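# Analysis of the macromolecular model
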Amino acid sequence: DQQVKQNSPSLSVQEGRISILNCDYTNSMFDYFLWYKKYPAEGPTFLISISSIKDKNEDGRFTVFLNKSAKHLSLHIVPSQPGDSAVYFCAASYFGNEKLTFGTGTRLTIIP
Amino acid sequence: DTEVTQTPKHLVMGMTNKKSLKCEQHMGHRAMYWYKQKAKKPPELMFVYSYEKLSINESVPSRFSPECPNSSLLNLHLHALQPEDSALYLCASSQIDRNNEKLFFGSGTQLSVL
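What counts and how
- Residues numbered from 1 in each chain as written.
- Chains lettered and ligands numbered in written order.
- Predicted model: local features only at pLDDT ≥ 70, side-chain atom pairs only at ≥ 80, totals over all residues.
- Heavy atoms only, no water.
- Helix = DSSP H or I, 4+ residues; strand = E, 2+ residues; numbered from the N terminus.
- Rg over C-alpha atoms; globule rule 2.2 N^0.38 Å.
- Buried < 20%, exposed > 50% of the residue type's maximum accessible area, 1.4 Å probe, protein only.
- Lys, Arg positive; Asp, Glu negative; His and termini not counted.
- Charge placed at Lys NZ, Arg CZ, Asp CG, Glu CD.
- Pairing = 2+ DSSP bridges.
- 1 Å grid on protein atoms, 1.4 Å probe; cavity = no way out; pocket = protein on both sides within 12 Å on 5 of 7 lines; lining within 4 Å.
- Points joined across faces, edges and corners; volume = space filled by probe spheres on them.
- Nonpolar A, V, L, I, M, F, W, Y, C, P; charged D, E, K, R; others polar.
- Salt bridge = Lys/Arg side-chain N within 4 Å of Asp/Glu carboxyl O.
- Axes fitted to C-alpha atoms, helices over the stretch in contact; angles between N-to-C directions.
- Contact = heavy atoms within 4.5 Å.

So, on to the overall build of chain B. The helix and strand inventory of chain B stands at zero helices and eleven strands. The C-alpha atoms of chain B give a radius of gyration of 13 Å, which matches the 13 Å a tight globule of 114 residues would have. Once the C-alpha set of chain B is aligned to its principal axes, its extents read approximately 40 × 25 × 20 Å. Counting all 114 residues of chain B, 46% fall into the buried class. When the 13 positive and 11 negative side-chain charges of chain B are each reduced to one mean point, those points stand 6 Å apart.

Residues and elements named next belong to chain A. One open sheet holds the five strands; their spatial order is β1-β3-β8-β7-β6, and the pairing between them is antiparallel. The two strands at the open ends of the sheet, each matched to only one other strand, are β1 (4-5) and β6 (56-59). Sheet analysis places β6 next to strand β7 (residues 62-67), joined by four bridges and oriented antiparallel. Bridge assignment links N57 to a residue of β7, and that residue is V64.

Once that is clear, we can look at the layout of surface pockets. Roughly 440 Å³ of internal volume is contained in the largest pocket. V87 and R107 of chain A together with A39, K40 and K41 of chain B are the residues nearest the centre of the largest pocket, which is lined by 20 residues in total. By residue class, the composition of the lining of the largest pocket is nine nonpolar, six polar and five charged.

Below, the discussion takes up the pattern of salt bridges. All names here are of chain A. Going through the model one piece at a time under the given rule, you end up with five salt bridges over all chains. Across the pair K56 and E58 runs a salt bridge, and its minimum N-O distance is 3.7 Å. The class of K56 is partly exposed, set by a relative accessible area of 41%.

All names here are of chain B. Sheet architecture is open: four strands sit in the order β1-β3-β8-β7, paired in antiparallel fashion. Bordering the open sheet on either side are β1 (4-7) and β7 (64-70), each of which pairs with just one other strand. Recorded for the sheet is a direction-independent mean angle of 20° between the axes of neighbouring strands.

The subject of this paragraph is the interface of chain B and chain A. Opposite the 22 residues of chain B that make contact, chain A presents 20 residues. Viewed at the interface, chain A and chain B are joined by one salt bridge. For the salt bridge of K99 of chain A with E58 of chain B, the shortest nitrogen-to-oxygen distance reads 2.9 Å. Looking at the side of chain B that touches chain A, its residues break down into eleven nonpolar, six polar and five charged.

Quick look at the structure:
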């Protein structure tokens with residue numbers, strides 16, 4: 001049972017444009033969401049997070065939006081840069097749960 | 001120091017070998033994790049240690065044996081592995097507080113079982 005889903009396995013975006021990565025979840029207990037970026041043969045790197053008490057969180061070029069009623073979150077990267085090419089995982093957890101549930105990942109390719 | 005250091009980076013072993021993966025962090029984190037990741041799949045939780053005690057074992061086969069000697073170190077002992085155990089093994093650590101979900105990952109050990 002995949003509780004966190006990223007329905008787009010891959011996405012290509014022109015350099016300088018906006019990249020939008022989407023994530024859906026089914027477990028209504030989730031109240032904390034994170035995005036990780038991963039290069040091949042390396043560990044995931046934390047990018048940005050959002051608590052369920054917010055609907056938006058920004059950090060530089062990265063913004064995460066949370067729509068609790070739709071059980072949907074998205075990561076916006078603007079402007080996209082070639083170094084953003086990587087696999088992006090969304091992840092979710094809830095208070096008292098030590099286990100982080102990862103989505104299936106989206107491979108983002110930025111086209112120069 | 002915000003690093004999680006894993007050794008070795010690469011490991012090739014036979015099915016009868018015994019080997020160990022090592023992980024170290026000096027961020028004062030009291031939760032440490034082992035994840036396994038196969039190509040084109042999300043990281044899959046194996047074990048969680050909280051305050052050096054095993055708190056989660058995700059039904060991992062006994063050929064994987066974790067050990068947490070102290071708050072900075074985490075080992076994964078491997079014995080009689082199968083070729084399907086070949087994967088990237090990731091160690092992570094985090095604080096134990098409301099935002100403990102923010103994991104810091106190491107670069108991983110790429111394991112090949114022949």
